[in-house]
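# A look at the structure
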Amino acid sequence: QASLKSEVKHPYPDWKPGEPVPYAALCKTFSLVELTTKRLEIMAHCALFLRQVLRLTPDDMLSTVLLMINKLAPDYAGIELGIGESLIMKAIGESTGRSLAVVKQDQKEIGDLGLVAVKSRSTQPTMFKPKALTIRGVHKGLMGIATVTGNGAQGRKVDNIKKLLSSADANGTGKVDITKDKGGPSEAKYIIRFLEGKLRLGLAERTVIVSLAQAMVAHEAAQKGNVPSTGDLEKGESILKTVYSELPSYDVIIPAMLKHGIMNLREHCKLRAGVPLKPMLAKPTKAITEVLDRFEGQTFTCEYKYDGERAQIHYVAKDTTEELSQSTLSATKAVGGGVAAIFSRNSEDLSKKYPDVLAKLPDWVKQETKSFVLDCESVAWDVVEKKVLPFQQLMTRKKKDVRVEDVKVKVCVFAFDLLYLNGEAVVEKSLRERRELLHRSFQPVEGEFSFATAMDGQELDEIQTFLDESVRASCEGLMVKMLDGEESGYEPSKRSRNWLKIKKDYLSGIGDSLDLVVLGAYHGKGKRTSVYGAFLLACYNPGTDTYETVCNIGTGFSEAVLEELHAALSQIVIDRPKPFYAHSAGGQHQPDVWFEPRYVWEVKTADLTLSPRYKAGMKEGLDPGGEKGISLRFPRFIKVRDDKKPGEATSSRQVAEMYRKQESVAKSKGPAADDDF
Ligand code: ATP
């Protein structure tokens, strides 16, 4: 904060006011960030740079922030780069006149495609001096790469990458020694890393949000000839965080912030239909008694935990004044007298997957309900027996371009929360009030729309009976939620203690399954020679932006599943582990093949143990010797989690929390689990 209060300048020299921000200035910031691991220093570098952009070229704020968080647009816009290593290597080779074989060899030796690009460029003779890159130009170029479709898309993507690379480092900042530091402020390096989806700066989106708030508060104060007070800096941060959690779209927030000022942002940026918010999540528990301890003295409610896919349904009728929502939603689907969309847990648009749900929407929305955002689970439904079907049935549905007349697996939507109703956010109301509004505004239609089955009893016996019933009804267990008071408000994007989940399978185990990223595989033996027989999995550490290995897994797969997995994974084989994989080096523990980090699998385990072979949670201080990571014992494959991206896998901290919980239970019951390595 000290640097924000004085007139400390960002080290990149000023450009002319109003001129496009040089991309080199952002790369300078990245290189400073890369040299430290201290969050406060990282924040100071970002805030100073953002202040310079605000002062000189505020029009570039949006693209600057997007490039900082490695995104091109909000998640719901569905714009993904999806560029694999081989395409990037092709572009590096072609843009620098080196053969693919040479680039591949470099990649084998250096292991970081960003640095391979730097090396390739530094050996390239410069015929002419291309124009320097600007932030808006890079954003536009990357957007062009992401949105290429149709015939020959791959080739055109490579061409577009080449265009960007040939202008990179045109201003001389690219003279870096890749054997020193981390490669310096090279533009080529950061372009490549952006394409790979990992800037690897230890720059979390949370940090960018705080830096943005600080820069804005400091900028506004400076315009009035003041220095910002600590109180104002804190207030700005809190406003921006809240606004972003309800309306996660920089495209909306940044222009509004520039126009109305950060302190007035809440009035201008509110939760609205059309912009999906990150859902509230639950904490795992292992026993009903744990739930009772947590909610002691407070009222809570239990609901069935349906086993399907999370669905956030947005709707606005035509005859409202909610024009902004109407225009955002109109791109998705006209429904009854309005427009609607369904979003996933990840904010991806699922409207093309569930046209059957949208077609029936007018049947369950009451006449007086003009706009809403509902939190639901869509579950496969047995039309004959009139009951819920297991999750596996839902998985057999097509994912895109579904036609209502072709739908074989019907789904019923089970609504459990209401976040927005008739033009107003209701997230701050208590769950009891939200539930009343929910029941008042919609009508159940058998096999199409239902309210989540709930029970408000507070006694252990009642909860046990309700849990048994939920299991008989093909559910995963229960969700137990705070019912009254401030703490029962809906907390977007939080894994909250006010929502607890009890899964039937885990009451005697570790409390929850894990969602892990597949990093590598081992060739199958015996019957499995044509497929991969076992896999190396990892959890995600958002602090260091690395994937930390946690187990090998070879159980829980049918032959058919192994074939499917082989077909998908063999497309994303890479020559060597990415530099952001934390794994044991060398020896018999190396998998036979490595993959791009793309797939997330749900995995069950008997328990957790410490092992020198894995790296999960090494920084959590569980092993006094500092050499062992956490690993899963007897892991078992459950399913592919299509709705999670690798960055949303179970975090190292969550794994450590599970381990600690298990330890404390084990201590109270007897000796801890043996270390079997
Ligand atoms: P899981 O693998 O258990 O679904 P998760 O990380 O996806 O884990 P959690 O917050 O841990 O999500 O568990 C809540 C999930 O359970 C929600 O994302 C939702 O899809 C599902 N669910 C089913 N029924 C309910 C309900 N009644 N209330 C809230 N969520 C429910």
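Here the residue numbering is sequential within each chain, running from 1 through the sequence in written order. Since the coordinates come from a predicted model, pLDDT governs what is reported: local features require at least 70, and pairs of side-chain atoms require 80 or more to be given and counted, while whole-chain, interface and lining totals use all residues. Water and hydrogen atoms play no part in the side-chain values, which are based on all heavy atoms of the structure.

Here the focus is the overall build of the protein chain. A tally of helices and strands in the protein chain yields 22 helices and 23 strands. It is over C-alpha atoms that the radius of gyration is taken, and the globule rule equals 2.2 Å times the number of residues to the power 0.38. Radius of gyration (C-alpha) of the protein chain: 26 Å, near the 26 Å computed for a compact globule of 677 residues. Within the protein chain, contacts between residues separated by at least 24 positions form 73% of all contacts whose residues are at least 6 apart in sequence. Element-wise, carbon and sulfur atoms account for 51% of the exposed surface of the protein chain, whose accessible area totals about 29,400 Å². Charge convention: Lys and Arg are scored as positive, Asp and Glu as negative, and His as well as the terminal groups of each chain are ignored. In plain terms, the charge of a residue is placed at NZ if it is Lys, CZ if Arg, CG if Asp and CD if Glu. In the protein chain, the 96 positive side-chain charges and the 91 negative ones have mean positions that sit 5 Å from each other. Secondary structure elements follow DSSP: runs of H or I no shorter than four residues count as helices, runs of E no shorter than two count as strands, and numbering proceeds from the N terminus. When checking whether two residues touch, look at their non-hydrogen atoms; a contact exists if any pair is within 4.5 Å. The method behind every accessible area is Shrake-Rupley, applied with a 1.4 Å probe, and residues are considered shielded solely by the protein chains displayed.

Relative accessibility thresholds used throughout: buried, under 20% of the residue-type maximum; exposed, over 50%; partly exposed, between the two (1.4 Å probe, protein chains only). For strand β14 (residues 514-523), a buried count of nine out of ten residues is recorded, marking the element as mostly surrounded by other parts of the structure. One requirement defines pairing of two strands: DSSP has to find at least two bridges between them. Pairing analysis gives two bridges linking β14 to strand β19 (residues 593-595), with the strands arranged antiparallel. What sits directly across from G520, in β19, is W594.

Turning our attention to the environment of I553. Note on placement: I553 falls in strand β16 (residues 546-553). Residues I553 and W594 lie 41 residues apart in sequence; the distance between their C-alpha atoms is 15 Å. Beyond its immediate stretch of four places on either side in the chain, I553 contacts G533, A534, F535, L537, W601, V603, P635, R636 and F637.

Let's shift gears to the nonpolar core. Take the buried residues of types Ala, Val, Leu, Ile, Met, Phe, Trp, Tyr and Cys, join any two whose side-chain atoms come within 4.5 Å, and each joined set is a nonpolar core. Membership of the largest hydrophobic core comes to 120 residues, with the highest contact counts inside it found for Y23, F49, L142, L195, L240 and L265. Core analysis: the second largest hydrophobic core is formed by 33 residues, V335, L361, V426 and F451 among them.

The distinction between a cavity and a pocket rests on a 1 Å grid over the protein atoms alone: a 1.4 Å probe fits inside a cavity but cannot get out, while a pocket stays open yet meets protein on both sides within 12 Å along at least five of seven lines, and a residue with an atom within 4 Å of a point counts as lining. Grid points are joined across faces, edges and corners, and a volume is the space filled by probe spheres set on the points. For the coordinates displayed, the defined rule picks out four cavities of 30 Å³ or more. Considered as a void within the structure, the largest cavity measures approximately 90 Å³ in volume. Taken together, 13 residues make up the lining of the largest cavity; nearest its centre are K71, P74, D75, Y244 and P248. Under this grouping Gly is polar, as are all residues other than the nonpolar Ala, Val, Leu, Ile, Met, Phe, Trp, Tyr, Cys and Pro and the charged Asp, Glu, Lys and Arg. Looking at the lining of the largest cavity, its residues break down into eight nonpolar, two polar and three charged. In this structure, the second largest cavity encloses a volume near 70 Å³. Considering the residues around the second largest cavity, the lining is formed by Y522, L536, T549, N552, H583, S584, H589, Q590, P591, W594, R613 and Y614.

Let us look at the pairing of strand β6 (residues 371-382). The buried fraction of β6 amounts to twelve of the twelve residues, a majority that puts the element mostly inside the structure. Of the pairings in the sheet, the one linking strand β3 (residues 309-317) to β6 comprises eight bridges and is antiparallel in character. Its bridge partner being in β6, R310 is matched across the sheet by E377. Examined bridge by bridge, β6 and strand β8 (residues 410-421) share ten bridges and lie antiparallel to one another. Bridging across to β8, V379 finds its partner in C412.

Quick look at the confidence of the model for the protein chain now. Confidence of the predictor at the level of single residues is given by pLDDT, which spans 0 to 100. With 91% of its residues at a pLDDT of at least 70, the protein chain reaches an overall mean of 89. Residue range residues 668-677 is modelled with pLDDT below 50. Its contacts to residues more than four positions away, or to other chains, number 17 contacts. Model confidence for the complex is summarised by a pTM of 0.83, with the ipTM given as 0.96.

A few words on the site of the ligand. Taken together, 18 residues form the shell around the ligand, and within it A282, R345, E377, K501 and R641 come nearest. In protein, a polar contact requires one atom able to donate a hydrogen and another able to accept it; more generally it is a pair of N or O atoms within 3.5 Å, and residues adjacent in sequence count only if both atoms are side-chain atoms. The contact in question runs from a nitrogen atom of the ligand to an N or O atom on the backbone of Y304, over 3.0 Å. In the model, an oxygen atom of the ligand is placed 3.2 Å from a nitrogen or oxygen of the K644 side chain. Surface burial for the ligand is 96%, taken as the share of its 600 Å² of free accessible area covered by protein chains. For the shell around the ligand, the secondary-structure elements that each account for two or more residues are β1 (281-285), β2 (300-305), β12 (477-482) and β13 (495-503). Sort the elements by how many residues they give to the shell around the ligand and β13 lands first, with four residues. Tallied by class, residues from the shell around the ligand come to seven nonpolar, no polar and eleven charged. One heavy atom within 4 Å of a molecule or strand makes the whole residue count as near it.

A positive phi angle is found at N70, which is not glycine, with a value near 60°. At S347, a residue that is not glycine, the phi angle is positive and equals roughly 70°. Within the secondary structure, S347 sits in the loop between β5 (338-343) and α17 (355-364).

It is worth spelling out α17 at this point. Along α17, the residues that are buried comprise P355, D356, V357, L358, L361 and W364. For α17, the elements touching its buried residues are β3, β4 (333-335), β5, β6, β8 and β10 (449-451).

In this analysis, the expected span of each helix is defined as 1.5 Å times one less than the number of residues it contains. Helix length check: helix α11 (residues 205-223) (19 residues) gives 27 Å between terminal C-alpha atoms against 27 Å at 1.5 Å per residue, within 8%. With respect to burial, α11 is a largely interior element, 15 of its 19 residues being buried.

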